[in-house]
Amino acid sequence: MTIPIKAYAHVRLTVTDIAASRAFYDAVFGLPVAFEVPEGADEETREQLGFLYGGVIYRLGATLLGLRPVADDVFSENRVGLDHLAFTVEGRDVLDDAVGQLEERGIRHSGIKDIGAGYILEFRDPDNIALELFAPKA
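Residues numbered from 1 in each chain as written. Predicted model: local features only at pLDDT ≥ 70, side-chain atom pairs only at ≥ 80, totals over all residues. Heavy atoms only, no water.

Engineer: Would you mind going over unusual backbone geometry in detail, with residue names and values included?
Structural biologist: Phi is positive for Tyr 53, which is not a glycine, with a value near 55°. Following the sequence through the fold, Tyr 53 ends up in the loop between α2 (43-48) and β3 (56-60). Among the residues examined, Tyr 53 registers a relative accessible area of 45% and is labelled partly exposed. If you check the backbone angles, Asn 128 has positive phi at about 70° while not being a glycine. Exposure remark for Asn 128: the relative accessible area of 37% places this residue in the partly exposed category. (Helix = DSSP H or I, 4+ residues; strand = E, 2+ residues; numbered from the N terminus. Buried < 20%, exposed > 50% of the residue type's maximum accessible area, 1.4 Å probe, protein only.)

Here it is as structure tokens:
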């Protein structure tokens, strides 16, 4: 018998510098914040939101994407754990626009690649975490 899962609830990335990571994710994706410790929060609120570790959790559709600032090393997709994180976009035109946005921000990227089932655009966040945008072919 297997466990009948339905979807991912959330993904949380461990980062080194929350200010740099927030600036990147806010600028690139503009996701709404689901959870963060409010400025000037009292001790009870800080304790209740201790699971954030001083980070942030964004809302991404029906799922969540978190940033947890506790790392003191560097990301490598060749270690056990995360290889990369891919986000689906509506179509190839979104990738074309994304290339321009990444270039405006000075973010290096792979260029758009045709992988048969769709197109991908690869780039990295401030901690070198591999990110990808995927546009399925119509």
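Engineer: Let's hear about the side chain of Glu 132: which residues, and what values?
Structural biologist: Position of Glu 132 among the secondary structure elements: in strand β8 (residues 130-136). Of the buried charged residues, Glu 132 lacks a salt bridge, with Lys 113 as the closest side chain of opposite charge at 7.8 Å. Apart from residues lying up to four places away in sequence, Glu 132 is in contact with His 84, Leu 85, Ala 86, Phe 87, Ile 120, Leu 121 and Glu 122. (Lys, Arg positive; Asp, Glu negative; His and termini not counted. Salt bridge = Lys/Arg side-chain N within 4 Å of Asp/Glu carboxyl O. Contact = heavy atoms within 4.5 Å.)

Engineer: Lay out the sheet that holds β8 in plain terms, naming residues and giving numbers.
Structural biologist: Strand order in the open sheet made by the four strands is β5-β8-β7-β6, with mixed pairing throughout. The outermost strands of the open sheet, each flanked by one partner alone, are β5 (85-88) and β6 (109-114). Direction aside, the axes of adjacent strands within the sheet are offset by 20° on average. In this sheet, β8 lies alongside strand β7 (residues 118-124) in antiparallel orientation, the contact comprising seven bridges. From the neighbouring strand, Gly 118 faces β8, where its bridge partner is Pro 136. (Pairing = 2+ DSSP bridges. Axes fitted to C-alpha atoms, helices over the stretch in contact; angles between N-to-C directions.)

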